[in-house]
Amino acid sequence: MDRDGVSDERLLERFVSGDRASFDELVHRHEDRIFAVALRITGNRADALDATQNTFIALFRRAESFRGDARVSTWLHSIATNACRDVMRANRRAPEPTDEITAVEEVADVERAASVRVDVTRALRALQHEYREAVVLHDLGGVPYDEIAALTGVPLGTVKSRISRGRAQLGRLLEHTVEATPSKEER
Amino acid sequence: MNETDHVSEALRPYAEGGVDEATERRVERHLRECDECRAELAGVRALLGAPPEGLTEIERARVRRGIADATGADAPSRRRRALYAALGAAALVVIVAVGAFYTLGTGERGGAGGSVAVSEDRAEEAQGGGQPLTARAFGGPVFEEDAGELDDAALRRTGSRGPVAAVARSVSPERAEEVADDYLESLVDAAPDPVRDQVQTCADTILEANEDFTLVPAYGATGTVADRDALVLGFAWSNEERGSLTGYMVYAWPTPAGCDIPLSYQAGEIPRR
């Protein structure tokens, strides 16, 4: 059965009606993005791997409860957000902001492009969990504000301010490590 | 300050170049006056501009295996059958018959039943027939850095022109025996945890099977062959007739399955300079 070009929602339906391969296709499509989001939220690969795995296991077990009022990708992000929280709680690896800010400064003079992602990961760890989660879900995961509000259970206004503050903190932390990109009005 | 004056919600599409001209002008006008939104934009750009953090192939396999275990599917073995099917359909299960290499390599162990070897002249077809072979280098005397993704042709080049060739040229025949152990040790040290033991085991297997020859471990890598996790090791080799190290052998074994049956085996001459 050809699964290319089939929507996520259709794949989920097929899976619910018994087509295991459609589930595998969903895993293949989304595993990298879910992992990227989980890595940004948890701040380390081991937790992110566990969270990614648990996300898809939860998808498998809860597929029938998908209501269809959101996109599958949004739903996956919401499962992933909770999976990250669970994994971090279980491993007691709450980020320690003060240490991580020091870490950002330590790598400030590293110029290589590869260091940028390390810096972003570290800088993200310096943010409060709620800020980091909202910023990562929106900017990296592409989840709209209102859907983040729904999946994290906080008012829309709170989501907006978390995203704004989280981004601004991130921008300031990284000011001296990321090369300034010329903005459009300067051309 | 009035929150609605800020352009927060437009910053992500703006940073991605996906806003109309009116919005673009509004955002830029605001950015000139607002430190807060400029800092926000820096944050958005840092996130969007950072290289994507995907799963490595080993991690991908681990995640998929974990999912398969918890959901009652036997994903890895299905993928393996798919690999053989793909290779078979393309008539690519070529037991290498490049003289000495065959004896040196998989012949004695794998035999005709199991060894999958893609000869050099068929390797181009292999790319069309199956999945491209990718690998990520983790170490070796001349391969200290992560080399990124290598496609099938690049993997062969690691033998004929890349790290194996470099090792072959840098090591005199007299010193070959003596450095072989050091090089293997450095390879094992550089290997990622999940494959470290396998590096040692596979290298030992090959060295033992070819003890009449001089083999120098040159580099190691992890990657995939047609969706199957693989450990790649490259060796330079010589025999008494040849004297200097003029041959390469590059093996890809499935991880973590062991060192008996390679997924792929490439061998050839290192061109003289």
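For every chain, the first residue of the written sequence is number 1, and numbering continues from 1 along that sequence. Think of it this way: whatever chain is written first is A, whatever ligand is written first is 1, and the rest follow in order. Restriction of local features to residues with pLDDT of at least 70 applies here, the model being predicted, together with a cutoff of 80 or more for giving and counting side-chain atom pairs; totals for whole chains, interfaces and linings are based on all residues. Think of the side-chain values as coming from all heavy atoms in the structure, minus any hydrogens and water.

Caption draft 1: Quick peek at the overall build of chain B. Numbered from the N terminus, helices here are DSSP runs of H or I no shorter than four residues, and strands are runs of E no shorter than two. Looking only at helices and strands, one finds 12 helices and six strands in chain B. Classification of residues uses two cut-offs on accessible area relative to the type maximum, computed with a 1.4 Å probe and protein chains only: under 20% is buried, over 50% is exposed, and between them is partly exposed. Residues classed as buried in chain B amount to 53% of the 273 residues present. Note on definitions: a residue-residue contact is assigned when non-hydrogen atoms from the two residues lie within 4.5 Å. Taking contacts inside chain B between residues at least 6 apart in sequence as the whole, the part at least 24 apart equals 61%. Shrake-Rupley sampling with a 1.4 Å probe provides the accessible areas, and residues are treated as covered by the protein chains on show and by no other component. Looking at chain B as shown, the accessible area adds up to about 12,400 Å², and 46% of this sits on carbon and sulfur atoms.

Caption draft 2: Layout of the pattern of salt bridges. Within this document, salt bridges are pairs made up of a side-chain nitrogen of Lys or Arg and a carboxyl oxygen of Asp or Glu, the two lying within 4 Å of each other. Counted under the stated rule, the structure contains 19 salt bridges over all chains. The shortest N-O distance in the salt bridge between A:E133 and A:R85 comes to 2.7 Å. Placement of the pair is A:E133 in helix α7 (residues 129-140) and A:R85 in helix α4 (residues 72-91), with a sequence separation of 48 residues. Residue A:E133 is classed as buried on the basis of its relative accessible area of 1%. A:R172 is the partner of B:E36 in a salt bridge, and the nearest nitrogen-oxygen pair spans 3.2 Å. Of this pair, B:E36 sits in helix α3 (residues 35-49) while A:R172 sits in helix α9 (residues 156-174), each in a different chain. Through salt bridges that share partners, A:E31, A:D32, B:R60 and B:R64 make up one connected network.

Caption draft 3: Quick peek at the interface of chain A and chain B. Taken residue by residue, the interface counts 44 residues in chain A and 39 residues in chain B. Put simply, buried area is how much 1.4 Å-probe accessible surface two parts lose in total, over both of them, once they are put together. When chain A packs against chain B, the two sides together hide about 3,800 Å² of surface, and 55% of this comes from carbon and sulfur. Joining chain A to chain B, the criterion identifies seven salt bridges. The salt bridge partner of B:R62 is A:D50, with a shortest N-O separation of 2.7 Å. Think of a polar contact as two N or O atoms within 3.5 Å of one another; within protein, one of them needs to be a possible hydrogen donor and the other a possible acceptor, and neighboring residues in sequence only count if both atoms come from side chains. Here chain A and chain B share 16 residue pairs in polar contact (both at pLDDT 80 or more) between them. Listing elements by their share of the side of chain A that touches chain B, those giving two or more residues are α2 (20-42), α3 (45-62), α6 (113-125), α7 and α9 of chain A. Broken down by element, the residue count for the side of chain A that touches chain B peaks at 11 residues, all from α2(A).

Caption draft 4: Expanded view of the state of the cysteines. All names here are of chain B. The disulfide definition used here is simple: a pair of cysteine sulfur atoms within 2.5 Å. Following the criterion strictly, the structure yields one disulfide over all chains and no others. Two residues, C202 and C259, share a disulfide whose sulfurs are 2.0 Å apart. Its S-S torsion of approximately -85° makes the covalent link between C202 and C259 left-handed. Taken together, the residues span a long stretch of sequence, with C202 in helix α12 (residues 193-209) and C259 in the loop between β5 (247-254) and β6 (264-269) at a distance of 57 residues.

Caption draft 5: Up close: the packing of aromatic side chains. By convention, a stacked pair of Phe, Tyr or Trp rings (six-membered ring in the case of Trp) has centres within 6.5 Å and planes under 30 degrees apart, an edge-to-face pair has planes over 60 apart, and any other such pair is tilted. Within the structure shown, the criterion is met by six aromatic pairs over all chains. Between A:F15 and A:F60, the ring centres sit 5.1 Å apart and the planes meet at 45°, which makes this aromatic pair tilted. Taken as a pair, A:F15 in helix α1 (residues 8-16) and A:F60 in helix α3 lie far apart in primary sequence, 45 residues in all. Residue A:F60 is classed as partly exposed on the basis of its relative accessible area of 23%. With a centroid separation of 6.2 Å and an interplanar angle of 85°, the aromatic rings of B:F235 and B:Y251 are classed as edge-to-face.

Caption draft 6: View of the pairing of β6(B). Residue and element names in this part refer to chain B. Within β6, five of the six residues are buried, which leaves it mostly tucked inside the rest of the structure. For two strands to count as paired, DSSP must find a minimum of two bridges between them. For β5 and β6, the ladder comprises six bridges, and the chain directions are antiparallel. Its bridge partner lying in β6, Y248 is registered against G268.

Caption draft 7: Here's a closer look at the nonpolar core. What is meant by a nonpolar core is a set of buried Ala, Val, Leu, Ile, Met, Phe, Trp, Tyr and Cys residues, joined one to another through side-chain atoms within 4.5 Å. Core analysis: the largest hydrophobic core is formed by 57 residues, its most contacted members being A:L12, A:F56 and A:L59. Not counting residues up to four positions away in its chain, the partners in contact with A:L59 are A:L12, A:F23, A:L26, A:W75, A:L76 and A:I79.

Caption draft 8: View of the environment of B:L233. Residue and element names in this part refer to chain B. Secondary-structure assignment places L233 in strand β4 (residues 228-238). Each C-alpha atom of the pair L233 and L187 lies 9.3 Å from the other, and the pair is 46 residues apart in sequence. For L233, the residues in contact, after removing those within four places along its chain, are L187, V199, C202, A203, Y219, G220, M249, V250, Y251 and W253.

Caption draft 9: Representation of the confidence of the model for chain A. Residues at a pLDDT of 70 or more form 78% of chain A, whose mean pLDDT is 79. Segment residues 95-115 of chain A: pLDDT under 50, and 21 contacts once partners within four positions in sequence are set aside and those in other chains are kept. The pLDDT value tells you how sure the predictor is about a given residue, anywhere from 0 up to 100.

Caption draft 10: Expanded view of a negative patch on the surface. Residue and element names in this part refer to chain B. A surface patch of negative charge is lined by E177, E178, D181, D182, E185 and D189. With respect to the helices and strands, E178 occurs in helix α11 (residues 173-190). On the accessibility criterion, E178 (54% relative accessible area) is exposed. Patches were defined on residues exceeding 30% relative accessible area and lacking a salt bridge, with like-charge contacts within 9 Å and nonpolar side-chain contacts (Val, Leu, Ile, Met, Phe, Trp, Tyr) within 5 Å. Under the convention used here, Asp and Glu are negative, Lys and Arg are positive, and both His and the chain ends fall outside the count. To locate a charge, take atom NZ for lysine, CZ for arginine, CG for aspartate or CD for glutamate.

Caption draft 11: Layout of α4(A). For α4(A), which comprises 20 residues, the first-to-last C-alpha distance of 28 Å matches the rise-based estimate of 28 Å (1.5 Å per residue) to within 8%. Among the 20 residues of α4(A), 14 are classified as buried, and the element is accordingly described as predominantly covered. Each helix should span, by expectation, one fewer than its residue count multiplied by 1.5 Å.

Caption draft 12: Highlighting α2(A). Residue and element names in this part refer to chain A. In this scheme, the bend at a residue equals the angle between the axes fitted to the seven residues that finish there and the seven that begin there. At H30, α2 is bent by approximately 50°, the largest bend along its length. Within α2, 17 of the 23 residues are buried, leaving the element largely enclosed by the surrounding structure. Phi turns positive, to about 85°, at G43, one or two residues after α2.

Caption draft 13: Expanded view of the packing of α3(A) against helix α4 (residues 57-71) of chain B. The interhelical angle for the contact between α3(A) and α4(B), taken along N-to-C directions, is 35°, at an axis separation of 9 Å. The hand of the α3(A)/α4(B) crossing is right-handed. In this structure, α3(A) uses A:R45, A:L49, A:D50, A:T52, A:Q53, A:F56, A:I57, A:F60 and A:R61 to contact α4(B), whose residues at the interface are B:E59, B:R62, B:V63, B:G66, B:I67, B:A70 and B:T71. Three classes are used, and their members are as follows: Ala, Val, Leu, Ile, Met, Phe, Trp, Tyr, Cys and Pro are nonpolar, Asp, Glu, Lys and Arg are charged, and the others, Gly among them, are polar. Split into classes, the residues belonging to the contact of α3(A) with α4(B) amount to seven nonpolar, four polar and five charged. Lines fitted to the C-alpha atoms define the axes, with helices restricted to the stretch that makes contact. Angles between their N-to-C directions range from 0 to 180 degrees. We call a crossing left-handed when the near helix sits turned anticlockwise from the far one by less than a right angle, and right-handed when that turn is clockwise.

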